[in-house]
Amino acid sequence: CAAAAAVAACKTKCSIHVSIPQDIDLIMTGGREPLIVEYDVGFEETGRLRALSLVLHMDSGCTIDESESDLGVALMHSDHSYFISDFRAEGVLYKTNLPSNTSCRAPGSVQVCHAVSNILRCTNVNYLHRLKRFIGKNVINCSKY
């Protein structure tokens, strides 16, 4: 993406902003431990999110190396700065025959924050209203990413 933005900036002689969806970014940057998230959600009658239970299944590859600390970071960030009154998260590491991944910026947190955002988006739990209240503008017309 950076190369495409540089070529476009040179051709047009103006600054170029490239924005890609987070799931595509995770695939392109690579180097992160694969993570599968199981979740259960509970709602109030009003539709407000009341409870969230997560089980993070992290593939550490053929060696555990830094995966334990990466899983710890993922668990620490798993509430994704949302206030959820009844929240629970647990993690499981798996040793597999795949090569290990090297930790990079924000190990574990990017995957789990993306997962929690998708859980909220997919369950449609007043997500846009919370986002609107946080950033102070109407987000209905914003990009879905």
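An account of the accompanying structure is given in this report. Nothing here was measured: the structure is a model prediction, and the numbers come from that model.

## Notes on unusual backbone geometry
Its identity as a non-glycine residue notwithstanding, Lys13 has a phi of 60°, on the positive side. Structurally, the position occupied by Lys13 is in the loop between α1 (2–12) and α2 (22–29). By relative accessible area, Lys13 is classed as exposed at 73%.

## Comments concerning the pairing of strand β2 (residues 49–61)
Residues in a regular strand point their side chains to alternate faces of the sheet. Among the 13 residues that make up β2, 11 are buried, leaving the element largely enclosed by the rest of the structure. For strand β1 (residues 35–43) and β2, the ladder comprises nine bridges, and the chain directions are antiparallel. The partner of Asp40 across the bridge, within β2, is Ser53.

## Some thoughts on the sheet that holds β2
Read from one edge to the other, the open sheet built from three strands follows the order β1-β2-β3, with strand pairing classed as mixed. Two strands close off the open sheet at either side, each with one partner strand: β1 and β3 (86–95). Averaged over neighbouring strand pairs, the angle between their axes works out to 10° when direction is ignored. As defined by bridge partners, β2 adjoins β3 across 10 bridges and the pair is classed as parallel.

## Quick look at a nonpolar patch on the surface
Together, Ile16, Val18, Ile20 and Ile24 make up an exposed nonpolar region whose accessible area comes to about 270 Å². Residue placement: Ile24 occurs in helix α2.

## Focus on the environment of Arg88
For Arg88, the position within the fold is in strand β3. By relative accessible area, which is 45% here, Arg88 ends up partly exposed. Separated by 13 residues in sequence, Arg88 and Leu75 have C-alpha atoms that sit 9.5 Å apart. Non-local contacts of Arg88, meaning those with residues more than four positions away in its chain, are made with Leu52, Ser53 and Leu54. Within the local environment of Arg88, its side chain forms a polar contact with the side chain of Ser53, the two groups lying 2.9 Å apart.

Conventions adopted
Residues numbered from 1 in each chain as written. Predicted model: local features only at pLDDT ≥ 70, side-chain atom pairs only at ≥ 80, totals over all residues. Heavy atoms only, no water. Helix = DSSP H or I, 4+ residues; strand = E, 2+ residues; numbered from the N terminus. Buried < 20%, exposed > 50% of the residue type's maximum accessible area, 1.4 Å probe, protein only. Pairing = 2+ DSSP bridges. Axes fitted to C-alpha atoms, helices over the stretch in contact; angles between N-to-C directions. Patch = residues over 30% accessible without salt bridge, like charges linked within 9 Å, V, L, I, M, F, W, Y side chains within 5 Å. Areas by Shrake-Rupley, 256 points an atom, 1.4 Å probe, with all protein chains shown as cover. Salt bridge = Lys/Arg side-chain N within 4 Å of Asp/Glu carboxyl O. Contact = heavy atoms within 4.5 Å. Polar contact = N/O pair within 3.5 Å; in protein donor to acceptor, adjacent residues only side chain to side chain.

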